Each structure stands twice: as structure tokens, then as C-alpha cells.
Amino acid sequence: MAHAIEVRGLTKSYGDVHAVRGIDLSVAEGEIFGFLGSNGAGKTTTIEILEGFRTRTGGDVRVLGVDPATAPLTWREDIGIVLQESEIEGELTAIEAVTVHAACFAQSRNPEEVLELVGLSDARDQRAKKLSGGQQRRLDLAMALVGDPKLIFLDEPTTGFDPSARREAWDMIDNLRSLGCTVLLTTHYMDEAQLLADRISVISHGEIVARGTADELANQVAAIPRITWKPGTGPAVPGRFGAALEKDRMVIETHDVVEVVHELTTWAKAEAATLDDLEIARPTLEDTYLRLIGQNEPDAEEPS
Ligand code: ATP
């Protein structure tokens, strides 16, 4: 299978800060690849090395078959970049902004078609500064698409969006599949990656801590079912159950749910102990992800 991106043993240090610690990535042509991590995990550093905007400390990198550190200008024409912050001149209308940008490329897509593709045809004559936040992100994507790129970097495309704007953005990103271009999507959100990405890598503290499809990832970390309840006023549950207090709930992790629930309720009945709000739950992929980055990054922050 041809690869749009191949990374082997990539490292990047800023003085004493080892931001990227020997990561491998391979992204196949035509796939949407999710690159996940919490704040400071090393996503931006990695992406900017792939885009040719930062130098690396070590390792091998090939993007569309070329080392970004020494790539010719023509290589850049095949790459579309959608940053977190829009850099579009606010006085231009949507169609003007895309048309002006199209002129920078030797080969470009039709600006009207691109606006259609991102769902902005109705707002073609609105000034960029008057567009809503969601519409501005659409225009950002249109700017990246008009150069007819083979590879698109989408940097946290829905950070700060409300739930309905996120869903619209997801549809739009999913539509990129029809163009056949490769997409590298960075995000803090597991649900976003789960929905959009063919494969996912999770970076934490400069290292890849999990990789695979969403399903493979869920299986990689033991997704152990949990029996939980609110501790009551009766006798404490015996140590043999291995229960632990997490926040305000007692938790037992076990694969043998039926047997343990049976033993637990039998004990509670015999001892007149309460098991208030008893629940059995299988961790979601989001739980799995939080657990993964929590294990590797104890000081992980909330997404910005
Ligand atoms: P976020 O989601 O917050 O954008 P990130 O995963 O993109 O985070 P990076 O921006 O790559 O993370 O940062 C990785 C680490 O490298 C952090 O500890 C950060 O403080 C450090 N770092 C990034 N850029 C520089 C720089 N120019 N000089 C020094 N340290 C840096």
C-alpha cells in the first residue's frame, strides 16, 4: 500500500524538553488518520515537522515521498493546511477569498465547486469577517482544498464548537473521502476520531501509546467491565471483592460480572448492607482514551 506519510523514529527536543521521543507513523494514501493527544502531548510539533515548518532533532520523515526538511516548493502545492486560527482577510467575500487563493497554485479547483463542497455556496458573497465560527472553518477548509491537495492537515477542526456545529463539521470532513485525498486530523476528542478516522494513533508525552482502528484501540487497553455503587451506611464490603473507592462510588473491575454481582448481592442481603445505585458498565472508547493518556501523562490538562 502506498503511504502519504512515513515517519520512523522521529524525535524533537527543545533544549531539555523532549517533546517527541522517537515516534513511528504511517498514513496510507486516501485514508483519514486521527492523531490524538492532550495538551502538550507533541501533536503540533509532529505536524509542523511533517508540514516542513519545524526542523526535527532525529528520525526519518517522508511526506508524499519527500523529506519536508528539504522539499521543493512544488511539494507544498500538494499539501493543504487548515490551522486552528483563520488567517483570511476579513474584508474579502467567501468567493473572493477562495478565488484569490486559487491563483497561487499552478493547478487549482474551481472556487465555486469548492464552496459547494464545504457547504458555503449560500454564503459566497458574505464577507469573511461576517461569517459564523462554523462557516469560517468551512472557508478555511475551502482555502485548503482549492489548491487540489493530495494531503490535508486538519488541526483540531472542531475545538470550541457547539454540538450541532461539530456534527456539521464531521459531515463535511467525511465528505473529503469523495475527493480521494489523505487527511491527517489532529484532535483532543476521541468521539471525533472514532467517527471520522480509519486509523488512530494516540500520542502522550511525546510517545505513541496506542494505535489502530477505533475497535482495535478499545481492545488494546483492557476494557474491563465495572460494577459500581454508592457506599451506604451498612458494613464495609469485604476485601476479597477487591472494591476501591473512586470519587463517590465503590468500583469493582471484573470480567466475571455475573458471578461477582451474584456474590456481592448475596453478601449484601445477608449483611443488610446497601448497594445504592448499583450499576454495571463497560468502559467507552472515551474512557479508554482518558485512561491511556492518564496513565502516561499524570498532569494532563483539559482540552483547551
Ligand atoms: P496542544 O494540544 O496544546 O496544541 P500539542 O500536543 O500540540 O499540544 P506541542 O505544542 O507539540 O503539543 O508541545 C509539546 C511540548 O513541547 C510541550 O511541552 C511544549 O511546551 C513544548 N514546546 C512546544 N513548542 C516549543 C518551543 N517552540 N519551545 C520550547 N518548548 C516547546
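Note that this is a predicted model, so its numbers are computed, not measured. (Residues numbered from 1 in each chain as written. Predicted model: local features only at pLDDT ≥ 70, side-chain atom pairs only at ≥ 80, totals over all residues. Heavy atoms only, no water.)

S.K.: How do you make sense of the packing of aromatic side chains when you look at a structure like this?
M.R.: Centre distance and the angle of the planes are the two values used to describe a pair of aromatic rings. Following the criterion strictly, the structure yields one aromatic pair and no others. Cation over ring: Arg166 sits above Tyr189, and NZ or CZ is 4.3 Å from the ring centre. (Phe/Tyr/Trp six-rings, centres within 6.5 Å; stacked < 30°, edge-to-face > 60°. Lys NZ or Arg CZ within 6 Å of the ring centre and 35° of its normal.)

S.K.: I keep staring at the sheet that holds strand β3 (residues 32–36) and nothing clicks. Help me out?
M.R.: Adjacent strands of a sheet pair through backbone hydrogen bonds, lying either parallel or antiparallel. What the six strands build is an open sheet, ordered β5-β6-β7-β3-β8-β9; its pairing is mixed. Across the chains shown, the open sheet's two edge strands, defined by having one partner strand only, are β5 (79–82) and β9 (207–212). Going from strand to strand, the sheet's axes swing by 15° on average, the running direction of each strand aside. As paired elements, strand β8 (residues 199–204) and β9 share five bridges and run antiparallel to each other. Paired with Ile200 across the two strands is Gly212, which belongs to β9. Relative to β5, helix α5 (residues 133–145) is tilted by about 165°, and along the sheet it contacts β5 and β6 (151–155). (Pairing = 2+ DSSP bridges. Helix = DSSP H or I, 4+ residues; strand = E, 2+ residues; numbered from the N terminus. Axes fitted to C-alpha atoms, helices over the stretch in contact; angles between N-to-C directions. Contact = heavy atoms within 4.5 Å.)

S.K.: Could you clarify how one ought to interpret the site of the ligand in this entry?
M.R.: Taken together, 14 residues surround the ligand, and among them Asn39, Gly40, Lys43, Thr44 and Thr45 come closest. In this structure, an oxygen atom belonging to the ligand sits 2.7 Å away from a main-chain N or O atom of Gly40. Within the backbone of Ala41, one N or O atom sits 3.1 Å away from an oxygen atom of the ligand. Protein chains bury 61% of the 640 Å² of accessible surface belonging to the ligand in isolation. In terms of residue count, the dominant contributor to the shell around the ligand is helix α1 (residues 43–50) (three residues). Partitioned by chemical class, the residues of the shell around the ligand number four nonpolar, seven polar and three charged. (Near = heavy atom within 4 Å. Polar contact = N/O pair within 3.5 Å; in protein donor to acceptor, adjacent residues only side chain to side chain. Areas by Shrake-Rupley, 256 points an atom, 1.4 Å probe, with all protein chains shown as cover. Nonpolar A, V, L, I, M, F, W, Y, C, P; charged D, E, K, R; others polar.)

S.K.: Help me understand the nonpolar core in this model?
M.R.: Most often, soluble globular proteins have nonpolar side chains that are buried together. Core analysis: the largest hydrophobic core is formed by 32 residues, its most contacted members being Leu115, Leu139, Leu141 and Leu154. Elements with a contribution of two residues or more to this core: α3 (94–102), α4 (111–117), α5, β6, α6 (163–175) and β7 (182–187). Broken down by element, the residue count for this core peaks at six residues, all from α5. Look past the residues within four positions of Leu139 in its chain and what remains in contact with it is Ile88, Ala94, Val98, Leu115, Leu120, Ala128 and Leu131. Residues Phe35, Ile47, Leu50 and Ile79 belong to the second largest nonpolar core, which totals 24 residues. (Core = buried A, V, L, I, M, F, W, Y, C linked by side-chain atoms within 4.5 Å. Buried < 20%, exposed > 50% of the residue type's maximum accessible area, 1.4 Å probe, protein only.)

S.K.: Teacher, can you tell me more about helix α9 (residues 257–271) here?
M.R.: Along an α-helix, a turn takes 3.6 residues, which lines up residues three or four apart on a common side. Across its 15 residues, α9 extends 21 Å between first and last C-alpha, which sits within 8% of the 21 Å expected from 1.5 Å per residue. Along α9, the residues classified as buried are Val257, Val260, Val261, Leu264, Trp267 and Ala268. One side of α9 carries all its buried residues, which in axial view fall inside an arc of 135°. Across from the buried face of α9, at angles greater than 90 degrees, the exposed residues are Val258, His262, Lys269 and Ala270. Residues of α9 that are buried make contact with β10 (226–231), β12 (249–253) and β13 (275–281). (Expected span 1.5 Å × (residues − 1). Arc of directions from axis to C-beta.)

S.K.: Please explain the pattern of salt bridges as it appears in this structure.
M.R.: For side chains of opposite charge, pairing can occur when their charged atoms come near one another. Going through the model one piece at a time under the given rule, you end up with 19 salt bridges. Where Glu48 meets Arg54, a salt bridge forms, and the shortest distance between an N and an O atom there is 2.7 Å. Its relative accessible area of 28% is what places Arg54 among the partly exposed residues. Here Asp198 makes a salt bridge to Arg177, at a shortest N to O gap of 3.1 Å. With a gap of 21 residues between them, Asp198 in the loop between α7 (190–196) and β8 and Arg177 in the loop between α6 and β7 connect regions that are remote in the sequence. Here Asp198 falls in the partly exposed class, since its relative accessible area comes to 29%. Connected through shared salt-bridge partners, Glu112, Arg124 and Asp125 make up one network. (Salt bridge = Lys/Arg side-chain N within 4 Å of Asp/Glu carboxyl O.)

S.K.: What should I look at first to understand the packing of α3 against α5 in this one?
M.R.: In helix packing, the relevant descriptors are the interaxial angle and the interaxial distance, both defined with respect to the helix axes. Remark: α3 packs on α5, axes separated minimally by 9 Å, with the N-to-C direction vectors making an angle of 25°. Classified by the angle their axes make, α3 and α5 are roughly parallel. Where α3 crosses over α5, the two elements pack in a sense that is right-handed. Residues Ala94, Ala97, Val98 and His101 of α3 form the contact with α5, whose participating residues are Leu139, Ala142 and Met143. Of the residues assigned to the contact of α3 with α5, the class counts are six nonpolar, one polar and no charged. (Parallel < 35°, antiparallel > 145°, perpendicular 65-115°, else oblique. Left-handed = near helix turned anticlockwise from the far one by under 90°.)

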